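Chains, contacts and geometry: an overview
Each chain is listed here by its residues.
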Amino acid sequence: QVQLVESGGGLVQAGGSLRLSCAASGRTFSSYAMGWFRQAPGKEREFVAAISWRGGSTHYVDSVKGRFTISRDNAKNTVYLQMNSLKSEDTAVYYCAASNTMGSYYETTEYAYWGQGTQVTVSS
């Protein structure tokens, strides 16, 4: 079992940056692929980014490519989401999630464990 705790959210102006962190419990963190999702009010939860077990493979939704970077530090049991050039449409609650596989990495059903979320608000 993995427990996930996100941090780093907040209020930022458009064009600014934030770095989200997701700390995982357990000694098997490196065996999980990790993903970041977000959910805006009134909308479905959507895929943002994913990273493979050792970080050698990453995937992004088109809307964040070139602005967001996902990374992980297995020694610290932590996955990060660096968000630059933020836009008002990035406003959402951001969730990290852990998956035993990395098949359909963009699907919420692929992930067995979820954090509680952290709010990101981008003011225009």
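Residues numbered from 1 in each chain as written. Predicted model: local features only at pLDDT ≥ 70, side-chain atom pairs only at ≥ 80, totals over all residues. Heavy atoms only, no water.

Quick notes on the pairing of strand 5 (residues 46-51)
Strand 5 sits mainly inside the fold: 5 of its 6 residues count as buried. In the sheet, strand 4 (residues 33-39) pairs with strand 5 via 5 bridges, with the strands oriented antiparallel. In the strand pairing of strand 5, G35 is matched with A50. The loop that links strand 4 with its antiparallel partner strand 5 comprises 6 residues; one of these, G42, has a positive phi angle of about 75°. Note that strand 5 and strand 6 (residues 58-60) share 3 bridges and pair antiparallel. Paired with A49 across the bridge in strand 6 is Y60. Counting the residues that bridge the hairpin from strand 5 to strand 6 gives 6 residues, and of these G55 lies at a positive phi of roughly 85°. (Buried < 20%, exposed > 50% of the residue type's maximum accessible area, 1.4 Å probe, protein only. Helix = DSSP H or I, 4+ residues; strand = E, 2+ residues; numbered from the N terminus. Pairing = 2+ DSSP bridges.)

Observations regarding the nonpolar core
If you look at the biggest cluster of nonpolar residues, it comprises 27 residues, and the most contacted ones within it are M34, W36, L81, M83 and Y94. Residues within four places of M34 in sequence aside, it is in contact with L4, C22, F29, A49, A50, I51, I70, R72, V79, A97, A98 and Y111. Formed by 7 residues, the second largest nonpolar core is a distinct cluster that contains F37, F47, A50 and M102. (Core = buried A, V, L, I, M, F, W, Y, C linked by side-chain atoms within 4.5 Å. Contact = heavy atoms within 4.5 Å.)

Comments concerning the sheet that holds strand 8 (residues 78-83)
Strands sit in the order 1-3-8-7 across an open sheet of 4 strands; the sheet is antiparallel. Only two strands of the sheet have a single neighbouring strand rather than two, namely strand 1 (4-7) and strand 7 (68-73). In this sheet, adjacent strand axes meet at a mean angle of 15° when their direction is disregarded. Alignment of strand 3 (residues 18-24) against strand 8, held across 6 bridges, turns out to be antiparallel. By the bridge assignment for strand 8, A23 is matched with T78. (Axes fitted to C-alpha atoms, helices over the stretch in contact; angles between N-to-C directions.)

Some words on the state of the cysteines
Overall, the coordinates contain 1 disulfide when judged by the stated rule. Here C22 connects covalently by a disulfide to C96, the sulfurs 1.9 Å from one another. Taking the torsion about the sulfur-sulfur bond, which here is approximately 45°, the covalent link between C22 and C96 counts as right-handed. Remark: C96 occurs in strand 9 (residues 92-99) and C22 occurs in strand 3; sequence separation between them is 74 residues. Just as C22 is buried, C96 falls in that class too. (Disulfide = S-S within 2.5 Å.)

A few points about the pattern of salt bridges
For the coordinates displayed, the defined rule picks out 4 salt bridges. E46 is paired through a salt bridge with R38; the nearest N and O atoms lie 2.6 Å apart. Under the relative-accessibility criterion, E46 is labelled partly exposed at 34%. For the salt bridge of D90 with R67, the shortest nitrogen-to-oxygen distance reads 2.8 Å. Of this pair, D90 sits in the loop between strand 8 and strand 9 while R67 sits in the loop between strand 6 and strand 7, and the two are 23 residues apart along the sequence. Judged by its relative accessible area of 1%, D90 falls in the buried class. Looking at R67, the relative accessible area reads 10%, which means it is buried. Connected via shared salt-bridge partners are R38, E46, R67 and D90. (Salt bridge = Lys/Arg side-chain N within 4 Å of Asp/Glu carboxyl O.)

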